[in-house]
Amino acid sequence: MGAGAAALPPLAAAQTEAPVAETDASAEIETIVVTGSRIRRTDAETASPVQVLTREDIDRSGKQNIADVLRSVSADNQGSLSSAFSGGFASGASGVSLRGLGLNSTLVLVNGRRMATYGLADDGQRSFVDLNSIPLEAVERVEVLKDGGSAIYGSDAVGGVVNIILRSNYQGAQLGGNFGSSYMDDGDYKRFHGSFGTGDERYNIFATIEGSTTQAIGNADREGYLGTNDLRRYGWYDNRQGGRPAGAGAFTYIDADGEIAHSPALLSATPWGTMRPLVNGATDRDPSHRINLKACPEISGDTGVCLFDTVGYSQIQPEQDRINLFSRGSLFLNDETQAYSELGWFFAKTQSIGTPGDVIDNGVYNAADPGNLKVHTTIMPANHPDNPYGVARGFRLLTTDFGGRNGEQTSNVIRAITGVQGKLSDWDWDVGLGYIRSQLDDEHTGYIVADRLQAHLDDGSYRIMDPSVDRSVLDDISPTLKRKAKSSIALVDAKLSGSLFELPGGDFGLAFGAEARNEKTDTPPLPFTATGDIIGLGYSSFKADRDVVAGYTEINAPVARFVELNAALRYDHYSDYGHSTTPKVGIKIKPLDELALRATYAEAFRAPGPSESGNSSTYGFTGIGLLTIGNPDIKPERAKSYTAGLVFEPVRGTSATLDYYRIERRDEIVGADQALIIGDAPQSGQTPNSQRPGELPNSTIYYNEDGDLSAVSAPYVNANKTTTSGFDFEYRQKLDLGRFGRISGGFMLTHVISFERSFDSGESFEYAGTHGPYVLSSAGGTPKDRARLELTWERAQVSVTGSVNYVGSMDMIDHKGSQLVDNEDGTWSSDTYEGAYYNVDPDGKVCGVYRPDGSAYSGCSLSSFTTVDLYSKLGVDEHWEFTASALNLFNRMAPFDPYTYGGLNYNPSFHQSGAVGRFVTLGLRYTF
């Protein structure tokens with residue numbers, strides 16, 4: 001609460017999952033509700049590990065939105081989604097992935113209730129809550145439950161729960177604003193916010209408003225490998241258009257002899273166009289058959305093709321605008337009954353740019369003929385004015401005439417909750433109704449309709465790089481593609497909690513709850529993609545409507561002064577997938593006032609999402625095409641989780657927690673995995689435009705007109721098992737310095753011991769500390785260690801906070817993990833590709849590259865990354881407050897990462913601040 005806020009009686013906040021103590025007027029003792037439990041208690045420490053980010057913690061982080069706040073949580077790992085990844089299926093959104101288990105295995109709640117999912121699915125598969133839709137100004141605190149919460153909250157809390165608690169009451173008025181900019185004077189951030197409320201002991205009405213705008217940051221405005229695709233000086237490849245590519249996708253396949261197995265297609269699209277043979281004859285790799293259609297500034301001596309750096313079409317940060325409105329009203333109907341209503345409108349608009357497209361592809365999905373990819377080969381007619389050869393030939397062209405392949409996503413979320421809560425003797429009850437609706441307007445420009453382009457080439461109305469071409473011709477070839485994606489939740493729930501009798505350690509607590517909800521999702525395909533008419537554009541479409549009915553019960557039994565037992569059981573019934581029962585048990589032992597031992601066991605299941613089942617398909621690109629087809633027979637994922645830890649408070653102001661976790665998830669729903677489908681199949685030299693069965697059941701490998709690998713397909717299947725383990729450590733310290741103020745500090749560390757994924761083939765790969773698993777969002781990797789150190793000094797109305805953020809190093813291995821080659825002694829392994837050498841570490845992992853010209857990539861490790869943030873606050877009087885923050889104070893540059901596909905040569909999942917660079921924000925707040 002800000003200054004001027006007044007506390008209401010305990011019922012005003014009872015509907016949130018609040019670890020902040022409230023006074024129970026009837027018992028005159030402090031009781032609280034903690035995320036992960038529905039039972040009020042007198043002790044904030046439960047058997048479950050919960051991390052709490054208070055309003056002060058959020059302010060001191062210097063972050064300006066909830067997405068960035070949650071990405072700094074050390075338990076957020078592989079699979080998280082950054083708004084910086086604007087080229088993915090779920091562009092414009094941001095999500096959290098606890099324990100690295102994916103966005104759809106982390107349940108995001110607002111005031112203990114569900115939110116509607118984003119209109120697009122991550123990688124076309126994983127539905128999730130967009131964190132951009134959460135209003136920062138209205139947030140009171142964030143609680144992160146790290147042991148899963150399926151027995152209380154629902155099936156999809158496999159990795160954990162993020163419960164975002166909004167303000168429950170407010171009196172007074174505040175206005176404020178923030179302005180920030182990077183060290184390069186770009187990416188400007190502006191934010192305005194206000195809070196207004198009135199009330200007394202019987203009622204409260206308040207509203208918050210927040211508006212912000214963030215300007216884009218382009219890669220071309222950064223130095224070094226962040227600002228170029230020519231990476232030869234860094235020991236990598238010349239990845240400019242027309243240069244030699246780095247192989248199939250970000251990783252190069254190595255065969256059993258340690259040789260490059262991919263045959264690189266050296267013909268590359270550039271804005272000046274490049275001709276190639278139309279049919280049989282010399283291959284594209286013969287320079288005599290490559291003709292640049294227009295004069296160009298630079299021609300590659302290796303390929304004979306024009307060179308063009310697309311870095312000007314790459315972004316570190318898209319442009320974003322947000323408007324958030326949140327209001328709440330509460331009224332005591334009598335001394336023990338209160339009605340409440342919440343209404344919120346959350347708006348976000350993201351505008352991003354992307355690399356211009358080509359006029360050919362290796363095949364895209366065609367819903368009318370799902371068994372065959374639709375291959376686009378654009379032909380330059382013999383009589384076309386731009387054809388110097390005089391013979392009809394295929395050609396490649398980077399379509400800069402149409403701009404970049406740009407996107408604009410406009411998200412509108414409406415959240416309405418109303419209910420009544422109260423006390424009946426010693427029992428608390430709450431009945432609520434809710435409706436949450438998300439609508440996404442998804443718009444794309446710069447994509448080419450194949451048939452229309454060919455028609456305008458045939459009649460000569462389209463000329464390459466000719467400004468005199470009529471605008472109507474360009475608009476016909478590249479129309480604006482629009483769709484509306486919608487999702488909604490309508491819910492009713494009821495909760496009852498209280499105590500039955502006294503036990504030696506306290507009250508025997510009991511809670512009951514029930515919920516019924518309807519979930520709807522409708523994401524149509526972008527125009528032309530269902531028929532495969534857009535060159536090089538992926539396909540994603542899914543629709544679902546299901547009802548869910550659930551009930552749960554929980555007990556908390558302090559059987560002795562130092563022993564507390566907790567158990568919960570939940571039953572979920574899905575109209576489309578049947579039912580499941582999920583238990584959870586916990587124990588807390590407190591042999592000393594200063595020490596508590598705790599442990600939990602829980603089971604979970606995740607029902608298949610709308611994109612994973614039924615009539616749905618997803619087609620995307622990671623160097624080759626990946627087609628995944630919905631499977632109506634797919635089964636739910638199931639999981640077991642274990643935690644064990646301790647809480648130690650030796651003296652007042654000092655506390656430490658250490659918790660071990662282990663999660664075993666089986667029957668994982670997986671899409672097409674290129675490495676597993678391809679197996680030992682040849683990458684080139686096959687019959688042109690052919691296909692063959694893949695290494696997985698019902699999978700297919702597709703070859704293009706050159707006989708090179710172009711795409712793979714497979715249905716969603718229950719195939720994998722993932723086991724991950726590690727520990728969380730948190731240390732807190734407070735010191736009173738008397739007239740010199742106060743010091744408080746904290747250290748948080750998450751260490752991943754193991755992240756092992758097993759496949760039906762019998763293979764298992766260990767990903768902890770590596771760049772895998774590749775198939776999760778943007779190939780971010782799984783660092784073993786993430787840590788944060790904070791130190792705050794306060795005196796009167798002045799405070800200064802310094803924070804150190806650490807992300808551990810990762811092995812640069814291919815996305816399958818330990819792919820063995822002949823020489824396992826750590827020597828350099830020769831190959832036949834471009835005269836380079838691939839490094840093999842002592843475990844036989846392929847990584848790094850060495851070039852005979854003297855440049856050498858450092859090889860087998862992506863370096864660790866450490867940044868320092870600074871935040872300060874000055875209260876001038878009871879009205880004015882000034883703040884200043886500097887993120888990445890020492891302007892550390894993000895480590896060079898050519899493996900990820902989420903950012904250009906850096907990893908946005910963990911190193912985004914190192915691409916933005918030092919960012920300074922100033923703020924002020926006035927309290928009336």
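Residues numbered from 1 in each chain as written. Predicted model: local features only at pLDDT ≥ 70, side-chain atom pairs only at ≥ 80, totals over all residues. Heavy atoms only, no water.

Caption draft 1: Summary view of the overall build of the protein chain. Scanning the protein chain from terminus to terminus reveals seven helices and 46 strands. Taken across its 928 residues, the protein chain has 60% of its residues classed as buried. Pairs at least 24 apart in sequence give 68% of the contacts found in the protein chain among residues at least 6 apart. On the protein chain, roughly 34,000 Å² of surface is accessible, and the fraction owed to carbon and sulfur atoms is 54%. (Helix = DSSP H or I, 4+ residues; strand = E, 2+ residues; numbered from the N terminus. Buried < 20%, exposed > 50% of the residue type's maximum accessible area, 1.4 Å probe, protein only. Contact = heavy atoms within 4.5 Å. Areas by Shrake-Rupley, 256 points an atom, 1.4 Å probe, with all protein chains shown as cover.)

Caption draft 2: Representation of the sheet that holds strand S5 (residues 113–114) within the structure. Strand order in this open sheet of five strands is S3-S6-S7-S4-S5, and the pairing throughout is mixed. Of all strands in the sheet, those bounded by a partner on one side alone are strand S3 (50–54) and S5. Here strand S6 (residues 139–145) runs beside strand S7 (residues 160–166); their pairing, made up of six bridges, is antiparallel. Following the sheet pairing, Glu143 is matched in S7 by Asn163. (Pairing = 2+ DSSP bridges.)

Caption draft 3: Fine view of the nonpolar core. Grouped together as the largest cluster of nonpolar side chains are 35 residues, with contacts concentrated most on Ile66, Leu70, Met115, Val139, Val142, Val162 and Ile164. Elements that contribute at least two residues to this core include exactly helix H2 (66–71), strand S4 (106–110), S6, S7, strand S16 (337–352), strand S19 (406–424) and strand S21 (481–503). Residue contributions to this core peak at four residues, all from H2. What Val162 contacts, discounting residues up to four positions off in sequence, is Leu70, Val96, Leu98, Thr106, Leu107, Val108, Leu109, Val142 and Glu143. Among the nonpolar cores identified, the runner-up in size contains 22 residues, and Ile217, Trp236, Tyr237 and Ile316 belong to it. (Core = buried A, V, L, I, M, F, W, Y, C linked by side-chain atoms within 4.5 Å.)

Caption draft 4: Highlighting the pairing of S19. By the bridge criterion, 16 bridges tie S16 to S19 in an arrangement that is antiparallel. Across the sheet, Thr350 pairs through a bridge with Gln409, a residue of S19. Pairing of S19 with strand S20 (residues 427–445), which is carried by 19 bridges, proceeds in the antiparallel orientation. When the sheet's bridge partners are listed, Arg415 is paired in S20 with Ile436. Hairpin connection from S19 to S20: two residues lie between these consecutive antiparallel strands, with Ser425 at a positive phi of about 60 degrees.

Caption draft 5: Just a nonpolar patch on the surface, in detail. A cluster of nonpolar side chains, namely Leu735, Leu737, Phe740, Trp793, Val798, Val800, Leu870, Leu874, Val876, Trp880, Phe882 and Leu924, defines an oily patch on the protein surface of about 970 Å² accessible area. The set of elements that each furnish at least two residues to the nonpolar patch consists of strand S38 (798–807), strand S44 (865–875) and strand S45 (880–887). Within the secondary structure layout, Leu735 lies in strand S34 (residues 717–736). (Patch = residues over 30% accessible without salt bridge, like charges linked within 9 Å, V, L, I, M, F, W, Y side chains within 5 Å. Salt bridge = Lys/Arg side-chain N within 4 Å of Asp/Glu carboxyl O.)

Caption draft 6: Broad picture of helix H7 (residues 908–916). Burial of H7 is extensive: eight of the nine residues sit out of reach of the surface. All of the buried residues along H7 are Pro908, Ser909, Phe910, His911, Gln912, Gly914, Ala915 and Val916. For H7, the capping residue at the N-terminal end is Asn907, with a side-chain oxygen 3.1 Å from the backbone nitrogen of Ser909. (Polar contact = N/O pair within 3.5 Å; in protein donor to acceptor, adjacent residues only side chain to side chain.)

Caption draft 7: Here's a closer look at the pairing of strand S25 (residues 578–592). Summarising the sheet, strand S24 (residues 563–574) and S25 pair through twelve bridges and their orientation is antiparallel. Each bridged residue has a counterpart across the sheet, and for Asn566 the counterpart in S25 is Gly586. Counting the residues that bridge the hairpin from S24 to S25 gives three residues. Relative to strand S26 (residues 595–606), S25 runs antiparallel, the two being bridged by seven bridges. Its bridge partner lying in S26, Gly586 is registered against Thr600. Here S25 folds back onto S26, and the loop between the two strands holds two residues.

Caption draft 8: Expanded view of the environment of Lys635. Tracing the backbone through its elements, the reader meets Lys635 in the loop between strand S28 (625–629) and strand S29 (637–648). By relative accessible area, Lys635 is classed as partly exposed at 44%. Separated by 83 residues in the primary sequence, Lys635 and Asn718 have C-alpha atoms spaced 6.7 Å apart.

Caption draft 9: Structural detail: the state of the cysteines. This model, assessed by the stated rule, comprises one disulfide. Sulfur-sulfur distance for the disulfide between Cys296 and Cys306 comes to 2.2 Å. A torsion of -85 degrees about the S-S bond marks the disulfide between Cys296 and Cys306 as left-handed. With a gap of ten residues between them, Cys296 in the loop between strand S13 (291–292) and strand S14 (315–317) and Cys306 in the loop between S13 and S14 connect regions that are remote in the sequence. (Disulfide = S-S within 2.5 Å.)

Caption draft 10: Structural detail: the sheet that holds strand S17 (residues 379–380). Read across the sheet, four strands follow the order S13-S12-S18-S17 without closing on themselves; strand pairing throughout is antiparallel. Two strands lie at the open edges of the sheet, namely S13 and S17, each paired on one side alone. One ladder, built from two bridges, connects S17 with strand S18 (residues 393–396); its direction is antiparallel. Note on S18: the bridge partner recorded for Met380 is Arg393.

Caption draft 11: The packing of aromatic side chains, seen in detail. The tally for this structure, following the rule as stated, stands at 14 aromatic pairs. Aromatic pair Tyr118 and Phe128: ring centres 5.9 Å apart, planes at 40 degrees, arrangement tilted. With a gap of ten residues between them, Tyr118 in the loop between S5 and S6 and Phe128 in the loop between S5 and S6 connect regions that are remote in the sequence. Judged by relative accessible area, Tyr118 falls into the buried class, the value being 3%. Accessibility expressed as a relative area gives 3% for Phe128, which makes it buried. (Phe/Tyr/Trp six-rings, centres within 6.5 Å; stacked < 30°, edge-to-face > 60°.)

Caption draft 12: Local environment of the side chain of Arg328. Its place among the elements puts Arg328 in strand S15 (residues 319–334). Look at Arg328 and you get buried, because its relative accessible area is 2%. Side chain to side chain, Arg328 and Glu342 meet in a polar contact 3.2 Å long.

Caption draft 13: Quick peek at the side chain of Thr270. Within the secondary structure, Thr270 sits in the loop between strand S11 (217–218) and strand S12 (274–276). Under the relative-accessibility criterion, Thr270 is labelled buried at 0%. The residues contacting Thr270, other than those within four sequence positions of it, are Gln241, Gly242, Val305, Cys306, Leu397 and Leu398.

Caption draft 14: Structural context of the pattern of salt bridges. According to the stated counting rule, one finds 50 salt bridges in the structure shown. Across the salt bridge formed by Arg113 and Asp493, the nearest N and O atoms sit 2.8 Å from each other. Residue Arg113 is found in strand S5, and its partner Asp493 is found in strand S21; the two are separated by 380 residues along the sequence. Taken as a pair, Arg113 and Asp493 share a single burial class, namely buried. Salt bridges sharing partners connect three or more residues here, namely Glu515, Arg517, Glu519, Arg546, Arg570, Asp572 and Asp576.

Caption draft 15: Inspection of unusual backbone geometry at higher detail. A positive phi is found at Ser425, a non-glycine position, where the angle reads about 60 degrees. Phi angles above zero are rare outside glycine, and Ala796 is one such case at about 55 degrees. Residue position: Ala796 is located in the loop between strand S37 (785–795) and S38.

Caption draft 16: Representation of the confidence of the model for the protein chain within the structure. For the protein chain, mean pLDDT is 84; residues scoring 70 or higher make up 86% of the total. Confidence drops under a pLDDT of 50 for residues 247–265, and excluding neighbours within four residues, the segment shows 59 contacts in the predicted structure. (pLDDT = per-residue confidence, 0-100.)

Caption draft 17: Quick peek at helix H4 (residues 450–458). Among all positions of H4, only Ala450, Leu453, Gln454, His456 and Leu457 are buried. Across the axial projection of H4, the buried residues extend over an arc of 165 degrees, all falling on one side. On its buried side, H4 packs onto S17, S18 and helix H5 (471–477). The positive-phi residue at the C-terminal boundary of H4 is Gly460, with phi of around 80 degrees. (Arc of directions from axis to C-beta.)

Caption draft 18: A look at a positive patch on the surface. Side chains of Lys635, Lys640, Arg666 and Lys721 sit close together on the surface and give a patch of like positive charge. Among the structural elements, Lys640 can be located in strand S29. (Lys, Arg positive; Asp, Glu negative; His and termini not counted. Charge placed at Lys NZ, Arg CZ, Asp CG, Glu CD.)

Caption draft 19: Inspection of the environment of Gly243 at higher detail. Tracing the sequence through the fold places Gly243 in the loop between S11 and S12. Residue Gly243 is classed as buried on the basis of its relative accessible area of 7%. Sequence separation between Gly243 and Val305 is 62 residues; the distance between their C-alpha atoms is 7.6 Å. Sequence-distant contacts of Gly243, that is, excluding residues within four places in its chain, are made with Asp238, Thr303 and Leu307.

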